[in-house]
Amino acid sequence: MKKIGVLTSGGDSPGMNAAVMAVAKAASLYGIPLVGIKRGYNGLLRKSPSLFDDMEELHLDTVLDIADRPGTYLRTARCTEFLDPAWREVAANTLRAMGIDGLVVIGGDGSFHGAEYLCELGIHCIGIPGTIDNDLAYTEMTLGFDTAVNVCVDAIRSIRATSRSHDRPHVVEVMGRHCGDIALTAAVSTGAEIVLCPEEHWAVEEVADRLNRQMAKGNYRATIVIAEGCWDSMEPFDLYTYLNTHGKRCYEGEPMSAGRLASVMKRMCNMVEVRSTVIGYTQRGAEPTARDSAFAFEAGHLAVRLLRDGISNQVIGMREGKVFYMAIDEALREEKYFNHELYNLVNAL
Ligand code: ADP
């Protein structure tokens, strides 16, 4: 390996900087110069007026300072041009011109597809799973998932304290795109009474029924944790007619949301108040937990070691608590596991 590049791509996640630091440490250990590529694959397309806007030589000293910071020092961005083979050729030529023969890609499945294509063009690539969503089937954890869950747990515990004081249910929306892992893990960790995930079909009436059953048992402060993608698996519900006939204005075509679900629950369960909170970006912008940082450290080091040994087209993950690697195409073919039993248990109690 003459020189290695590293980039972060897709949505940012806590632990990305820690992984870049680990890559820099390992590169320094093996005496391989390291270049940071900015804004995902965009930095390889050489469209910025100055080279520094696209890439910079990464010195260990700089990177040590940012290792525990949230976000990504290298910046991240979607790069639609990368779906076009002609632009991928430009990227591979840029890497060759810069003398970079190995690339560490920190991102999610989309970014890994990009890395696979670069491998076909002769660039050695290794992927590190950087996404809070935990939506990659081949690995037990992705960088940022643990941090995101812990942010949700802190927020839900605070919300439950106020829910308890006022005997008032609360709807809490967490992130995760089409994956319910953040919602399910946060619900289990906080004792939430109801959880809704995109992996399971659910109906509004059924949620109201569960909430009513909680109240019949004397629990007026249930927490309903919902994954942001849970609307994908909701049975059809005429929100417009329901809210307009129950004293709440709703415009035709307005989609269901955490706030509107709270309004519907308030009416279906005859409650004085049901509130809602969307946790949002705080999940992505938190300092990484020790678990995420430790995974980042091992993954970053392994990525450089693989490149040094001439091994390419692999992704790094965690299985049975151990860091491992496997071929990108095989990893992306694996089917995501969702713990339906745990989901049913949360909703049954
Ligand atoms: P993530 O990596 O978190 O899944 P995206 O799906 O947005 O996030 O992908 C990040 C970037 O990876 C895209 O902006 C694009 O540059 C690249 N990418 C995504 N899908 C592909 C693909 N099928 N082929 C080539 N590059 C891709």
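Residues numbered from 1 in each chain as written. Predicted model: local features only at pLDDT ≥ 70, side-chain atom pairs only at ≥ 80, totals over all residues. Heavy atoms only, no water.

(A) Spatial organisation of the side chain of Asn347. Mapping Asn347 onto the fold places it in helix H13 (residues 340–348). Its relative accessible area of 10% is what places Asn347 among the buried residues. Separated by 2.9 Å, the side chains of Asn347 and Arg210 make a polar contact. For Asn347, the residues in contact, after removing those within four places along its chain, are Glu193, Ile194, Val195 and Arg210. (Helix = DSSP H or I, 4+ residues; strand = E, 2+ residues; numbered from the N terminus. Buried < 20%, exposed > 50% of the residue type's maximum accessible area, 1.4 Å probe, protein only. Polar contact = N/O pair within 3.5 Å; in protein donor to acceptor, adjacent residues only side chain to side chain. Contact = heavy atoms within 4.5 Å.)

(B) Representation of the site of the ligand in the model. Around the ligand there are 17 residues in total, and Cys79, Gly108, Asp109, Gly110 and Ser111 lie nearest to it. Here an oxygen atom of the ligand and a side-chain polar atom of Asp109 are 2.9 Å apart. In the model, an oxygen atom of the ligand is placed 2.5 Å from a nitrogen or oxygen of the Ser111 side chain. With six residues, the single largest contributor to the shell around the ligand is helix H5 (residues 109–120). (Near = heavy atom within 4 Å.)

(C) Structural view of the packing of helix H1 (residues 16–30) against helix H11 (residues 290–308). Interaxial distance between H1 and H11 falls to 7 Å at its minimum, and their mutual angle equals 40°. Classified by the interaxial angle, the pair formed by H1 and H11 is oblique. Note on packing geometry: the crossing formed by H1 with H11 is right-handed. When H1 is examined against H11, the residues Ala18, Ala19, Ala22, Val23, Lys25, Ala26, Ala27, Leu29 and Tyr30 are found in contact with a partner set consisting of Ser293, Ala296, Phe297, Gly300, His301, Val304, Arg305 and Arg308. Across the contact of H1 with H11, the residue classes tally to 11 nonpolar, three polar and three charged. (Axes fitted to C-alpha atoms, helices over the stretch in contact; angles between N-to-C directions. Parallel < 35°, antiparallel > 145°, perpendicular 65-115°, else oblique. Left-handed = near helix turned anticlockwise from the far one by under 90°. Nonpolar A, V, L, I, M, F, W, Y, C, P; charged D, E, K, R; others polar.)

(D) Up close: the sheet that holds strand E3 (residues 55–57). In space, the seven strands of this open sheet follow the order E3-E2-E1-E4-E5-E10-E11, with mixed pairing throughout. Every other strand in the sheet has two partners, leaving E3 and strand E11 (322–327) as the edge strands with one partner each. Averaged over all adjacent pairs, the angle separating strand axes in this sheet is 25°, with direction ignored. (Pairing = 2+ DSSP bridges.)

(E) Representation of the packing of aromatic side chains. One pass over the full model with this rule turns up five aromatic pairs. Both rings, one in Tyr41 and one in Phe82, keep their centres 3.9 Å apart while their planes meet at 10°; by these two values the pair is stacked. Here Tyr41, found in the loop between strand E2 (34–37) and helix H2 (51–54), pairs with Phe82, found in the loop between helix H3 (60–66) and helix H4 (85–97); they are 41 residues apart in sequence, far enough to count as distant. Phe82 matches Tyr41 in its accessibility class, with the two residues each being buried. Taken together, a centroid distance of 6.0 Å and an interplanar angle of 55° make the contact between Trp202 and Trp231 tilted. (Phe/Tyr/Trp six-rings, centres within 6.5 Å; stacked < 30°, edge-to-face > 60°.)

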